[in-house]
There are 2 protein chains.
Amino acid sequence: MSVKNNAETDELYNSPFMRACRREPAPYTPVWLMRQAGRYMREYREVRDRVSFLELCKTPDLAAEVTVTAVERLGVDAAIIFADILLIIEPMGIQLEFEKGEGPVIHNPVRSALDVERLQEVESVESLDFVMEAIHRTRRALRPNIPLIGFGGAPFTLASYIIEGGGSRNYVHTKTLMYTDSGAWHSMMSLIARGLAKYLNAQVEAGAQAVQLFDSWVGCLSTDDYREYVLPHTRAVIESVKTGTPVIHFGTGTAALLELMSEAGGDVIGLDWRVDLGEAWQRLGDVAVMGNFDPVSLFANQDFISAQAKRILDRAGGRAGHIFNLGHGILPETPVDNVIALVEAVHEMSQR
Amino acid sequence: MSVKNNAETDELYNSPFMRACRREPAPYTPVWLMRQAGRYMREYREVRDRVSFLELCKTPDLAAEVTVTAVERLGVDAAIIFADILLIIEPMGIQLEFEKGEGPVIHNPVRSALDVERLQEVESVESLDFVMEAIHRTRRALRPNIPLIGFGGAPFTLASYIIEGGGSRNYVHTKTLMYTDSGAWHSMMSLIARGLAKYLNAQVEAGAQAVQLFDSWVGCLSTDDYREYVLPHTRAVIESVKTGTPVIHFGTGTAALLELMSEAGGDVIGLDWRVDLGEAWQRLGDVAVMGNFDPVSLFANQDFISAQAKRILDRAGGRAGHIFNLGHGILPETPVDNVIALVEAVHEMSQR
């Protein structure tokens, strides 16, 4: 390894984001924003005028371009590779489509034990090489102090998409399978977890400094259900990630699940805006925390945004291990100037 | 008042449901189910084949019929008048429609301070006399030991419907008004609260023994937002309800809000299925609690349903002030036999 490479590695290792993941003091509170490369940004929309969402995911140059552009434009402290939480279900034999304005649609949803048996074990993630290639190119294009985050959906969120065939309000099919055929359920969750383990480690291998598991829909579950049907599988994924790579474990609507999510694992636990950051961190104990800013607050004026950010920073109280973020992804109509103002406000107010 | 009436009044007053509302011991845990008169029940669908949802609400004989039928069919311990949480917004000048399979749609949503100024003060709830008439007829038709619950949407849930114009995922318009024009927001919430006070008391006057406030969408808010923008208005409504009439204060996705909801008021606090009933009751202190059974569990088999019900009863531990219910309304495809089995299981397992 050349001297330059060592220096780069040190710069990444000591970046505010990576320090916060390890709960080491940082010169200011690092901030990045879920879905920071997205529809709200003109540069992104211009790329999307030429290609579909899935084409963008599958074209490494373009995926790298929108990933890096978002970082440069916003001045955030971490990049997250442009991809989709569901990509890993394709090599399981699930046909995934993104219909215009509709979000993901699955035409062969899994509903029975027989369907579960037909799922394919992910022997290799070669078919997702475009993600690894995008990570590789993004890493080369990013400044050497900006860590790159790889990610995937968490087992429950992936399972619920696979079973419902798309978004859901009540998760009737998912819970019915869970409640009536726990054997099939656990077998499906294990298969997903094994696929995820391969996928996340391949992203690390390709150049990601951290990985995030998105359990976006887990908030529909009771604590009992989470403990029995979800926790062991999420834990298996997190334990499989290469040692030394921080794992961010994120969900929304999880006010009752925080302790159990932390029990499942993760160096950093994602918080939505519903919980008080101070109380939530107290409950979680010795982990780093991320999130907590309501994405809808970005529709208000900049004084309000700054005051809301201050409230969160005050509750974190300068404690090591705080990563500023939204409680969920940026919404499509969000004014980009407000996003930039938020990033600046966080940097300014958290200087130490 | 005749002797018969006194005896009836005593029977109502001492019914398991009313005793539980007052946190007095009851011979068994009373149970009723939100949306117990609904699409999942053949008898209800037969009525709905003849009239629209709104026509059903506005025809006292039919509203009474479906209300009473649900009680008789299920063997539950309380009736809830068939109506909609949104009816009270019509006399505020809001045009409410229920489109087939679409839920409520409002064609003149409130988006600005000017729109708020155009809202009408509810001087009288005479235009909702059909609800009071339905309550009157239902009370006469119900057995004398079955209390009747009146209800309305809580101020936040009504405001969010009025502003969004229907259901919503992110409540962008609602929160934007809240965050950018708090004067208009509070003025709207006060107007709604005053209307609700009149409406709920008219329902009590007409023969309801208890009232429920449905804050179905409040779970999208942070604790800070709830405290500042919602709590004073919900409290105003609850404080205005005639003394001696129990108020049930219900919401979903409220794991982080329970203490604040209780601070706003209510003799009984509704719990969704996400929280552990034992822990939640501990946090709430000296109030009665209701709910906690996941409506989707009703799609599983009856052994599972019974085991889930037992778990909730065990956590309540026979403590006075527990009303068994779902954590949200019954879903349209729910098998009616499972609903009946749940009611029987609760009665059987909670005999004291």
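The present account deals with the structure reproduced in this document. (Residues numbered from 1 in each chain as written. Chains lettered and ligands numbered in written order. Predicted model: local features only at pLDDT ≥ 70, side-chain atom pairs only at ≥ 80, totals over all residues. Heavy atoms only, no water.)

Structural notes on the overall build of chain A
When helices and strands are counted, chain A shows 15 helices and 9 strands. Whereas a compact globule of 352 residues would reach a radius of gyration of roughly 20 Å, chain A reaches 19 Å, a difference of no more than 12%. Viewed in the frame of its principal axes, chain A has a C-alpha envelope of about 55 × 40 × 40 Å. Here chain A, with 352 residues, has 63% of them falling under the buried criterion. Pairs at least 24 residues apart make up 72% of the contacts formed inside chain A by residues separated by at least 6 positions. For chain A, the accessible surface area stands at approximately 13300 Å², while carbon and sulfur atoms represent 47% of it. In chain A, 33 positive and 46 negative side-chain charges are present, and the distance between their average locations comes to 3 Å. (Helix = DSSP H or I, 4+ residues; strand = E, 2+ residues; numbered from the N terminus. Rg over C-alpha atoms; globule rule 2.2 N^0.38 Å. Buried < 20%, exposed > 50% of the residue type's maximum accessible area, 1.4 Å probe, protein only. Contact = heavy atoms within 4.5 Å. Areas by Shrake-Rupley, 256 points an atom, 1.4 Å probe, with all protein chains shown as cover. Lys, Arg positive; Asp, Glu negative; His and termini not counted. Charge placed at Lys NZ, Arg CZ, Asp CG, Glu CD.)

Side note on the layout of surface pockets
All names here are of chain B. Space inside the second largest pocket adds up to approximately 850 Å³. Taken together, 31 residues make up the lining of the second largest pocket; nearest its centre are Leu12, Met18, Val204, Ala208 and Gln209. Mapped onto the lining of the second largest pocket, the elements with two or more residues apiece are helix 1 (3-13), helix 2 (16-21), helix 7 (129-141) and helix 10 (182-206). Sort the elements by how many residues they give to the lining of the second largest pocket and helix 1 lands first, with 5 residues. (1 Å grid on protein atoms, 1.4 Å probe; cavity = no way out; pocket = protein on both sides within 12 Å on 5 of 7 lines; lining within 4 Å. Points joined across faces, edges and corners; volume = space filled by probe spheres on them.)

Concerning helix 7 (residues 129-141) of chain A
With 13 residues, helix 7 of chain A should reach 18 Å at 1.5 Å per residue; the first-to-last C-alpha distance of 18 Å fits that figure. Three or more residues of helix 7 of chain A are buried, namely Phe130, Val131, Met132, Ala134, Ile135, Thr138 and Arg139 of chain A. (Expected span 1.5 Å × (residues − 1).)

With respect to the pattern of salt bridges
Enumeration according to the criterion identifies 41 salt bridges over all chains in this entry. With its nearest N and O atoms 3.0 Å apart, the salt bridge here joins Arg42 of chain B to Glu46 of chain B. Residue Arg42 of chain B and its partner Glu46 of chain B are located together in helix 3 (residues 42-48), separated by 4 residues, close to a single helical turn. Residue Arg42 of chain B is classed as partly exposed on the basis of its relative accessible area of 45%. Beyond isolated ion pairs, a larger network of salt bridges with shared partners links Asp276, Arg311 and Arg315 of chain A together with Asp224, Arg227 and Glu228 of chain B. (Salt bridge = Lys/Arg side-chain N within 4 Å of Asp/Glu carboxyl O.)

Overview of the relation of the copies chain B and chain A
Once turned by 180° and shifted 0.0 Å along the axis, chain B lies on chain A with an RMSD of 0.0 Å. Considering both components of the superposition, the chain copies are consistent with a two-fold axis. Relative to the rotation axis, the C-alpha of Ala255 of chain B is the closest in chain B, positioned 2.8 Å from it. By residue overlap, the copies meet face to face through one surface: 100% of the interface positions of chain B are interface positions in chain A. (Least-squares fit on C-alpha atoms with pLDDT ≥ 70 in both.)

Thoughts on empty space enclosed by the protein
Tallied over the full model, the rule gives 4 cavities of 30 Å³ or more. As a volume, the largest cavity reaches approximately 170 Å³. Every element with two or more residues in the lining of the largest cavity is listed here: helix 11 (223-240) of chain A together with strand 8 (288-293) and helix 14 (302-316) of chain B. In terms of residues, the lining of the largest cavity owes the most to one element, helix 14 of chain B, which gives 4 residues. When the residues that make up the lining of the largest cavity are grouped by side-chain class, the tally is 6 nonpolar, 5 polar and 7 charged. (Nonpolar A, V, L, I, M, F, W, Y, C, P; charged D, E, K, R; others polar.)

So, the environment of Asn14 of chain A
Residues and elements named next belong to chain A. Counting through the fold element by element, Asn14 comes out in the loop between helix 1 (3-13) and helix 2 (16-21). Judged by its relative accessible area of 40%, Asn14 is partly exposed. Considering only alpha carbons, one finds Asn14 and Val339, 325 residues apart in sequence, at a separation of 25 Å. In this structure Asn14 touches Arg19 and Arg22, once residues within four positions along its chain are discounted. Polar side-chain contacts of Asn14 include one of 3.4 Å to the side chain of Arg19. (Polar contact = N/O pair within 3.5 Å; in protein donor to acceptor, adjacent residues only side chain to side chain.)

Structural notes on the packing of aromatic side chains
Residues and elements named next belong to chain A. For the structure shown, the criterion picks out 20 aromatic pairs over all chains. With 5.6 Å between their ring centres and 50° between their planes, Tyr44 and Phe82 make a pair best called tilted. Linking Tyr44 in helix 3 (residues 42-48) with Phe82 in the loop between strand 1 (79-80) and strand 2 (96-99), this pair joins segments that are 38 residues apart in sequence. On the basis of relative accessibility, which here comes to 4%, the residue Tyr44 falls in the buried class. The exposure class assigned to Phe82 is buried, which follows from its relative accessible area of 8%. (Phe/Tyr/Trp six-rings, centres within 6.5 Å; stacked < 30°, edge-to-face > 60°.)

Structural notes on the packing of helix 8 (residues 155-164) of chain A against helix 9 (residues 172-180) of chain A
Residues and elements named next belong to chain A. The N-to-C vectors of helix 8 and helix 9 enclose an angle of 105°; their axes lie 8 Å apart at closest approach. By the angle between their directions, the pair helix 8 and helix 9 is classed as roughly perpendicular. Judged by residue contacts, Phe156, Ser160, Ile163 and Glu164 of helix 8 engage Val172, His173, Thr174, Leu177 and Met178 from helix 9. Of the residues that constitute the contact of helix 8 with helix 9, the class distribution is 5 nonpolar, 3 polar and 1 charged. (Axes fitted to C-alpha atoms, helices over the stretch in contact; angles between N-to-C directions. Parallel < 35°, antiparallel > 145°, perpendicular 65-115°, else oblique.)

Section: the side chain of Thr254 of chain B
Residues and elements named next belong to chain B. Here Thr254 lies in the loop between strand 6 (247-251) and helix 12 (258-264). Here Thr254 falls in the buried class, since its relative accessible area comes to 2%. Residue contacts for Thr254: discarding those within four places in its chain leaves Val218, Met261 and Asp272.

Description of the environment of Asp215 of chain A
All names here are of chain A. Within the fold, Asp215 resides in strand 5 (residues 210-215). Accessibility expressed as a relative area gives 0% for Asp215, which makes it buried. Once residues lying within four places of it in the same chain are set aside, the contact partners of Asp215 are Ala154, Phe156, Thr157, Tyr226, Val230, Thr234, Phe250, Gly251 and Thr252.

Side note on the environment of Ile312 of chain B
All names here are of chain B. Residue placement: Ile312 occurs in helix 14. Ile312 sits in the buried class, given a relative accessible area of 7%. Residues Ile312 and Asn292, spaced 20 residues apart in sequence, show a C-alpha to C-alpha distance of 7.3 Å.

Observations regarding the side chain of Thr67 of chain B
With respect to the helices, strands and loops of the structure, Thr67 of chain B is situated in helix 5 (residues 60-74). A polar atom in the side chain of Thr67 of chain B sits 2.6 Å from the backbone oxygen of Ala63 of chain B.

A short note on the interface of chain B and chain A
Each partner contributes to the interface: chain B provides 33 residues, whereas chain A provides 34 residues. Here chain B meets chain A over a buried area of about 2600 Å², counting both sides, of which 53% is carbon and sulfur. Applying the counting criterion to the chain B and chain A interface returns 7 salt bridges. In this structure, the salt-bridge partner of Asp224 of chain B is Arg315 of chain A, at a minimum N-O distance of 2.9 Å. In this structure, the connection of chain B to chain A is made through 12 residue pairs in polar contact (both at pLDDT 80 or more). Elements represented by at least two residues in the side of chain B that touches chain A include exactly helix 9 (172-180), helix 11 (223-240) and helix 14 of chain B. Tallying contributions element by element places helix 9 of chain B first for the side of chain B that touches chain A, with 5 residues. (Buried area = accessible area lost by both parts, 1.4 Å probe.)

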